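Chain by chain, the residues run as shown.
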Amino acid sequence: MIKYEQIKSLLFKLKPETAHHLAEFVLRLPNKSQFLFNPFLKSHFIADDILTQEIFGRKFYNPIGLGAGFDKNATMIRGMQILGFGFTEIGTVTPKSQPGNPKPRMFRHVKENTLQNAMGFNNRGAFEIARRVKWRYPFTTPIGINIGKNKITPEKEAINDYISLIKTFKDLGDYFVINISSPNTPGLRDLQNEEFITKLFEDAKALTKKPILLKIAPDMTPEDAVALTKLAVEKGADGIIATNTTIDYSLVENPADIGGLSGAVLKQKSFEIFEAIAKELFGKTILISVGGIDSAQEAYKRIKAGASLIQIYSALVFHGPDLIRDINKELIQLLKADGYANITEAIGADRK
Ligand SMILES: Cc1cc2nc3c(=O)[nH]c(=O)nc-3n(C[C@H](O)[C@H](O)[C@H](O)COP(=O)(O)O)c2cc1C
């Protein structure tokens, strides 16, 4: 068997975005002939009863999901299931297709197991992506639709973009995520305010019964994060995803001057914000933790702090696809060692 370390040393010789395209090429293959990948699915997709839970009316066979931004155009949903992910978040999708920011816009900080990206929501647009999802929906594993505004849409009209996206995807996917936390669309994070959140959730909830979650940035005080997420839940949000990438460039040695950092250096910051939110909102809404998660220990810590689900992006790049299987297998051991019969008993155990 080829080890990921060998593949990685080749992949890391390529520009990050080229390596991503190559990974996408491979991960699209199961769309054509899934049976060829059945052995990998069998060995990597962990679906033990102890990890299985029902959320948003769907079965999540394991709690490890793919974070948004890897499968922006919904081309790899089957591939991600084969890698072992229990759910996949596609997008960020914008109403119209857009090219994203000029290249280079993705950087590796190899020593720090950290990525820096300023992609700027490059995607094929809602119409094409919805058509692709519709072709195969529903999938065995739940999928989230992460939505954002187009770069050219003025801030004052941003709400129309979110509403039009919800209309386009209203019969597709298992949950929505409102993304107003990317650092790479000018003015987007300014939408993390009371007026916008109030109006958005009021309008959006009138359009769909599907769960709508809010994804937040880590670059605010824990107090502000709590106030914002509390408000969102009061206005109808069905869950919170914490967090997106950080613009705290002091966390790496040689930062580029654009984009947000993810991976190992985000771990602590993301957890601090998650903890603060969980103290306030655990038991009142569904919490998803993301940012720097790269081991079963870290995943378990977030689960016990109140996360029903967790997501991974950067660690997949640095540690390879076996990581998802390994985390799930070790999670089973950790749960059993603590005497839990099902993951739901461990969620928020540190809060009780
Ligand atoms: C290259 C790249 C692109 C991303 N694109 C998106 C995106 O389009 N929408 C989004 O909500 N988050 C996006 N993210 C953020 C991730 O979903 C996640 O919140 C963040 O990377 C922290 O998790 P990690 O430390 O496991 O990578 C992106 C991250 C990376 C590295």
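Summarised in this report is the structure supplied together with it. All values reported here derive from a predicted model rather than from experimental measurement.

Calculation rules
- Residues numbered from 1 in each chain as written.
- Predicted model: local features only at pLDDT ≥ 70, side-chain atom pairs only at ≥ 80, totals over all residues.
- Heavy atoms only, no water.
- Helix = DSSP H or I, 4+ residues; strand = E, 2+ residues; numbered from the N terminus.
- Buried < 20%, exposed > 50% of the residue type's maximum accessible area, 1.4 Å probe, protein only.
- Polar contact = N/O pair within 3.5 Å; in protein donor to acceptor, adjacent residues only side chain to side chain.
- Contact = heavy atoms within 4.5 Å.
- Near = heavy atom within 4 Å.
- Areas by Shrake-Rupley, 256 points an atom, 1.4 Å probe, with all protein chains shown as cover.
- Nonpolar A, V, L, I, M, F, W, Y, C, P; charged D, E, K, R; others polar.
- Pairing = 2+ DSSP bridges.
- Axes fitted to C-alpha atoms, helices over the stretch in contact; angles between N-to-C directions.
- Patch = residues over 30% accessible without salt bridge, like charges linked within 9 Å, V, L, I, M, F, W, Y side chains within 5 Å.
- Salt bridge = Lys/Arg side-chain N within 4 Å of Asp/Glu carboxyl O.
- Core = buried A, V, L, I, M, F, W, Y, C linked by side-chain atoms within 4.5 Å.
- Parallel < 35°, antiparallel > 145°, perpendicular 65-115°, else oblique.
- Left-handed = near helix turned anticlockwise from the far one by under 90°.

1. Some remarks on the side chain of N342
Thinking step 1. Inspection of the secondary structure puts N342 in the loop between α12 (322-337) and α13 (343-346).
Thinking step 2. Residue classification places N342 among the buried residues on the basis of a relative accessible area of 16%.
Thinking step 3. Among the polar contacts made by the side chain of N342, one reaches the main-chain carbonyl oxygen of T52 at a distance of 3.0 Å.
Thinking step 4. Ignoring anything within four residues of it in the chain, the contact list for N342 reads D49, I50 and T52.

2. Here we look at the site of the ligand
Thinking step 1. The full set close to the ligand counts 24 residues, and A68, T92, G263, G292 and S314 are the nearest of them.
Thinking step 2. Contact between the ligand and T92: a nitrogen atom at 2.7 Å from a side-chain N or O atom of the residue.
Thinking step 3. Take T243: an N or O atom from its main chain is 3.1 Å from an oxygen atom of the ligand.
Thinking step 4. Considered on its own, the ligand offers 610 Å² of accessible surface; in the complex 98% of this is hidden by protein.
Thinking step 5. Counting only elements with at least two residues in the shell around the ligand, the list comes to β4 (87-93), β6 (114-117) and β11 (260-263).
Thinking step 6. Considered class by class, the residues forming the shell around the ligand number 7 nonpolar, 15 polar and 2 charged.

3. Some points on the sheet that holds strand β12 (residues 286-290)
Thinking step 1. Read around the barrel, 8 strands follow the order β3-β4-β7-β8-β9-β10-β12-β13 and close on themselves; strand pairing throughout is parallel. Strand-to-strand twist in this sheet, taken as the mean axis angle between neighbours without regard to direction, amounts to 25 degrees.
Thinking step 2. When strand β7 (residues 143-147) meets strand β8 (residues 175-179), the two strands line up parallel, connected through 4 bridges. Residue N146 lies in a different strand from β8, and its bridge partner there is V177.
Thinking step 3. Where helix α10 (residues 296-305) meets the sheet, it contacts β3 (64-66), β12 and β13 (309-312), and its direction lies at approximately 145 degrees from that of β13.

4. Quick word on a nonpolar patch on the surface
Thinking step 1. A surface patch of nonpolar side chains, amounting to about 270 Å² of accessible area, comprises F25, V26 and L29.
Thinking step 2. Looking at where L29 falls in the secondary structure, it is placed in the loop between α2 (16-28) and α3 (38-44).
Thinking step 3. The partly exposed category is assigned to L29, whose relative accessible area is 34%.

5. Focus on the nonpolar core
Thinking step 1. Among the nonpolar cores identified, the biggest contains 90 residues, and I64, Y162, F169, I178, L214, I216 and I277 are the most heavily contacted of them.
Thinking step 2. Element by element, the count of residues in this core is highest for α12, at 7 residues.
Thinking step 3. What I64 contacts, discounting residues up to four positions off in sequence, is F85, G86, F87, A299, I310, I312, I324, I327, N328 and L331.
Thinking step 4. Core analysis: the next-biggest nonpolar cluster, separate from the first, contains 10 residues, F87, Y175, V290 and L309 among them.

6. Structural notes on the pattern of salt bridges
Thinking step 1. Applying the stated criterion to the full structure yields 17 salt bridges.
Thinking step 2. Between D326 and R325 there is a salt bridge, with the nearest N and O atoms lying 3.0 Å from each other.
Thinking step 3. Among the charged side chains, a salt-bridge network with shared partners connects R124, E128 and R132.

7. Some words on the environment of I143
Thinking step 1. Among the structural elements, I143 can be located in strand β7.
Thinking step 2. Spatially, the C-alpha atoms of I143 and G69 are 13 Å apart, while their sequence positions differ by 74 residues.

8. Some remarks on the packing of α10 against α12
Thinking step 1. Where α10 meets α12, the closest approach of the two axes is 9 Å, and the angle between their N-to-C directions is 55 degrees. On the basis of the axis angle, α10 is oblique to α12. The crossing of α10 and α12 is right-handed. Between α10 and α12, the residues in contact are A296, Q297, A299, Y300 and I303 and I327, E330, L331, L334 and L335, respectively.

9. Considerations on the sheet that holds β6
Thinking step 1. In space, the 3 strands of this open sheet follow the order β5-β6-β11, with antiparallel pairing throughout. Here the strands that pair on one side only, and so sit at the sheet edges, are β5 (106-109) and β11. Across this sheet, the average inter-strand angle for adjacent strands is 25 degrees, counted without regard to direction.
Thinking step 2. Pairing analysis gives 4 bridges linking β6 to β11, with the strands arranged antiparallel. Within the sheet, the bridge partner assigned to N117 lies in β11 and is G260.

The analysis is restricted to geometry; functional conclusions fall outside its scope.
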